[in-house]
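Next come the chains, spelled out residue by residue.
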Amino acid sequence: MSLDRLASALADLEEDEVLELVHAELAAGTDPMAITRACQAGMTEVGDRFEANEYFVSDLMMSSVIFKEVGKILEPVLTSETQVKGGSVVIGTVKGDIHDIGKDIVVNMLKSANFDVTDLGVDVAPDRFIAALRETNASVLCLAGLLTLAFDSMAETIEAIAEAGLRDEVRIMVGGGPVDGRVCEVVGADDWGADAQAAVRLAKNWLEGDSAA
Ligand code: B12
């Protein structure tokens, strides 16, 4: 119930209340991932209000400021139960898209699972992904994107990786707000994940040679 309150407080951009509720949930022993999901629901509502012209870009920015404060509280406790012995992952938000809040959660969870993560940041062009794959010899690539136009960038990136002769060397997952199985298929990725735990699970399974997530 109070997770619903947390989601509403974030949707209403009530920073103090959000931070108080996050502390209270942690003190009560709530799973940090459940707290993250509640905040994500609040962010989705912010997006819906933006789409309905009730909120403006400044409100989107405010929501991200609040979420980043929440992230500072959750980061030390948002650890992955899954552990790997090693393995390199390259990750970035694709060209034209600068959303990074969800990607950063994925990065932190992968690191806490003991992956060696190369985070290329946001608005990453295909050639930068290719250079990083060559440099790190990573066998897993994570492409993040929240904008509809990011789907084109994901497809272009995967195509460029194939043209560079690297497609058979790397397993590619996509994720971020609107990404689903259909998007995954259309852009030519190997799989997709709905949250950071799914990303870790997929990367671990791929590393261990099991394609089922
Ligand atoms: C905050 C926000 C912003 C902030 C971003 C700040 C930042 N540093 O990221 C700012 C203000 C910069 C912004 C800008 C814009 N935004 Co914006 N934004 C949002 C908002 C409200 C929240 C996004 C968010 O952080 N969610 C919370 C995180 C935790 O969720 P998540 O990213 O989905 O991540 C989780 C999972 O998806 C998964 N995951 C994430 N990445 C990956 C990767 C892999 C590989 C895997 C497996 C999993 C995975 O794990 C995460 C944790 O579990 C969304 C609304 C929404 N519905 O999401 C709109 C939204 C994405 N934005 C939108 C728009 C339109 C814009 C702008 C064009 C607005 C404008 N007119 O300028 C610009 C675009 C800028 C650009 N070129 O990218 C639209 C996109 C619509 C569309 N169909 O394309 C949305 C959907 C709002 C809406 N409903 O209209 N935005």
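Predicted model only: the values in this text are computed from it and were never measured.

What counts and what doesn't
- Here the residue numbers are simple positions, counted from 1 along each chain's written sequence.
- Totals for whole chains, interfaces and linings use all residues, but because this is a predicted model, local features are given only for residues with pLDDT of at least 70 and pairs of side-chain atoms are given and counted only at 80 or more.
- Here a strand is any run of E in DSSP of at least two residues, a helix any run of H or I of at least four, and the numbering for each starts at the N terminus.
- Note on method: radius of gyration uses C-alpha positions; expected globular size equals 2.2 Å times residues raised to 0.38.
- Neighbour density around each residue's C-beta defines its exposure: 20 or more other C-beta atoms within 10 Å make it buried, 12 or fewer make it exposed, and counts between make it partly exposed, where C-beta atoms are placed from the backbone.
- Only when DSSP finds a minimum of two bridges between them are two strands counted as paired.
- Here the axes come from fitting lines to C-alpha atoms, over the contacting stretch only for helices, and the angles between their N-to-C directions go from 0 to 180 degrees.
- We call two residues in contact whenever the C-beta atoms placed from their backbones are within 7 Å.

A. Layout of the overall build of the protein. Secondary structure summary: the protein contains nine helices and five strands in total. Radius of gyration (C-alpha) of the protein: 17 Å, near the 17 Å computed for a compact globule of 213 residues. Along the first, second and third principal axes, the C-alpha set of the protein runs to 50 × 40 × 25 Å. The buried share of the protein, taken over its 213 residues, is 38%.

B. Summary view of unusual backbone geometry. One non-glycine residue, Asn53, lies in positive phi territory at about 65°. Considering the arrangement of structural elements, one finds Asn53 in the loop between helix H3 (32–51) and helix H4 (57–74). Residue class for Asn53 comes out exposed when judged on the 7 C-beta atoms lying within 10 Å of it. Even without a glycine there, the phi angle at Asn114 is positive, about 85°.

C. Expanded view of the sheet that holds strand E1 (residues 88–93). If you walk across this open sheet you meet the five strands as E2-E1-E3-E4-E5, and the pairing is parallel. Of all the strands in the sheet, the pair left with one neighbour each is strand E2 (116–119) and strand E5 (191–193). Sheet twist, expressed as the average angle between the axes of neighbouring strands with direction ignored, equals 25°. Here strand E3 (residues 140–144) runs beside strand E4 (residues 171–175); their pairing, made up of five bridges, is parallel. Bridge pairing links Leu141 to Ile172 in E4. Packing against the sheet, helix H6 (residues 126–136) makes contact with E1, E2 and E3, and its axis sits at approximately 165° to E1.

D. Structural context of the environment of Gly47. Its place among the elements puts Gly47 in helix H3. Accessibility expressed as a C-beta count within 10 Å gives 18 for Gly47, which makes it partly exposed. Along the sequence, Gly47 and Asp59 sit twelve residues apart, while their C-alpha atoms lie 9.2 Å from each other.

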